[in-house]
Amino acid sequence: MRTISSRQKGMIYIILSAFCFAWMNAFVRLSGDLPTVQKSFFRNFVAVIFALIMLLRQHGSFRPVKGALPTLLIRAIAGTVGIFFNFYSVDHLPLSDASILNKMSPFFVILFSWILLKERLTRTQAVIVIGAFIGSLFVVKPSFVNADFFPSLIGLLGGLAAGLAYTMVRKLGTLGENKAYIVFFFSAFSCIVTLPYLLFFYVPMTWQQIVFLILAGLSAAGGQFGITAAYCYAPGKDISVYDYTQILFAAGLGFFLFDQIPDWLSIIGYVIIIAMAVAMFFYNKAPRIPHSR
């Protein structure tokens, strides 16, 4: 029987993660008019229980590996900000727009990996990242008369925060941190941060809203375990293109559940960003000729 390589495992996990995150956004939207922080708490509360069960089944440690705590904290802070911003954009934009802006994160992973992890960034990679940013402008459509400009900008910043978080996940993978513990630490941190707001500003929910938020939490847990495993198995430059399958899932869910059809500028932006992702993928797959000394 053929053995699956680490890169192939990363590819499978990142597609499963994209599917789960698309459903998470749909369930968040279906939960209706609730505060973003409240939605974030329930999303993470379900995920922390899920991660806790996984840790207990693995008899895993509740202590980080040596030297991992600062990275875990950066991952948790950036991830929490990313969730707030993503949920806000999901509530105010078409699902496909919110998803494509969040999926700027792989390009930010490349930039942060260059800045923070000292991974090599070539001129071609830099041009592709700039191209993806130009594509994002078609989705954001910066204009003072554009009612969607602010939520679009928030969505883009959410993608930046997610990119930083996933860069830290990559670093934690190289440090040998337990995947379940990474998810547990992040989810528990987010719950603790959002709990004071929930205690003072809780908005009563119907049973349908509770069900949708529980489903959002379960989808988020699946997405978190998928993306954590993916980036632990393989570098972002090798697998990040497959994360864009979420746009297809989100567009389908947005159309069938909410009758959402993106405008032509957004579609141009999708095409540019996905084209840049594909270009990056093939660039990273191409053989390199060593420089002569």
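Everything discussed here concerns the structure shown above.
Residues numbered from 1 in each chain as written. Predicted model: local features only at pLDDT ≥ 70, side-chain atom pairs only at ≥ 80, totals over all residues. Heavy atoms only, no water.

S.K.: Which parts of the structure should I look at to understand the packing of aromatic side chains?
M.R.: Note on aromatic pairs: each is described by the distance of the centres and the angle between the planes. Per the stated rule, a full pass over the model turns up 13 aromatic pairs. Here Tyr 88 and Phe 150 contribute two aromatic rings whose centre-to-centre distance is 5.9 Å and whose plane-to-plane angle is 85 degrees, an arrangement assigned as edge-to-face. Of this pair, Tyr 88 sits in helix α3 (residues 69-92) while Phe 150 sits in helix α7 (residues 149-175), and the two are 62 residues apart along the sequence. The exposure class of Tyr 88 is partly exposed, given its relative accessible area of 26%. Relative to Phe 185, the ring of Tyr 181 has its centre 6.1 Å away and its plane inclined at 55 degrees; by these criteria the two rings are tilted. Taken as a pair, Tyr 181 and Phe 185 lie in helix α8 (residues 179-201) at a separation of four residues, close to a single helical turn. For Phe 185, a relative accessible area of 16% puts it in the buried group. The ring of Phe 258 is capped by Arg 29, whose NZ or CZ atom sits 5.8 Å from the centre of that ring. Across the ring face of Tyr 233, the terminal group of Lys 179 is positioned such that the distance to the ring centre comes to 5.1 Å. (Phe/Tyr/Trp six-rings, centres within 6.5 Å; stacked < 30°, edge-to-face > 60°. Helix = DSSP H or I, 4+ residues; strand = E, 2+ residues; numbered from the N terminus. Buried < 20%, exposed > 50% of the residue type's maximum accessible area, 1.4 Å probe, protein only. Lys NZ or Arg CZ within 6 Å of the ring centre and 35° of its normal.)

S.K.: Please explain the nonpolar core as it appears in this structure.
M.R.: A general tendency of soluble globular proteins is for nonpolar side chains to be buried together. Met 24, Leu 72, Tyr 166 and Tyr 231 are the most contacted members of the largest nonpolar core, which has 44 residues in total. Among the secondary structure elements, those contributing two or more residues to this core are α1 (6-30), α2 (36-58), α3, α4 (95-102), α7, α8, α9 (207-233) and α11 (245-258). Of all the elements, α8 adds the most residues to this core, at 10 residues. Look past the residues within four positions of Met 24 in its chain and what remains in contact with it is Arg 43, Asn 86, Phe 87, Ala 216, Ser 219 and Ala 220. Among the nonpolar cores identified, the runner-up in size contains 23 residues, and Met 104, Ile 110, Val 139 and Phe 281 belong to it. (Core = buried A, V, L, I, M, F, W, Y, C linked by side-chain atoms within 4.5 Å. Contact = heavy atoms within 4.5 Å.)

S.K.: Explain the side chain of Ser 40 to me, please; I cannot follow it from the model alone.
M.R.: Relative to the assigned elements, Ser 40 resides in helix α2. Engagement of the side chain of Ser 40 in a polar contact is seen with the backbone oxygen of Thr 36, the distance being 2.9 Å. In this view, Ser 40 contacts Ile 83, Phe 84 and Phe 87; residues no more than four positions away in its chain are not counted. (Polar contact = N/O pair within 3.5 Å; in protein donor to acceptor, adjacent residues only side chain to side chain.)

S.K.: What should I look at first to understand the packing of α4 against helix α6 (residues 123-140) in this one?
M.R.: Packed helix pairs are specified by the crossing angle of their axes together with the interaxial distance, meaning the distance between the axes. One way to put it is that α4 packs onto α6 with a least axis distance of 10 Å and a crossing angle of 155 degrees. The pairing of α4 with α6 is recorded here as roughly antiparallel in orientation. In this structure, α4 crosses over α6, and the sense of that crossing is left-handed. Contacts between α4 and α6 pair Asp 97, Ile 100 and Leu 101 from the former with Ser 136, Val 139 and Val 140 from the latter. Of the residues assigned to the contact of α4 with α6, the class counts are four nonpolar, one polar and one charged. (Axes fitted to C-alpha atoms, helices over the stretch in contact; angles between N-to-C directions. Parallel < 35°, antiparallel > 145°, perpendicular 65-115°, else oblique. Left-handed = near helix turned anticlockwise from the far one by under 90°. Nonpolar A, V, L, I, M, F, W, Y, C, P; charged D, E, K, R; others polar.)

On their own, these measurements won't tell you what the molecule is for.
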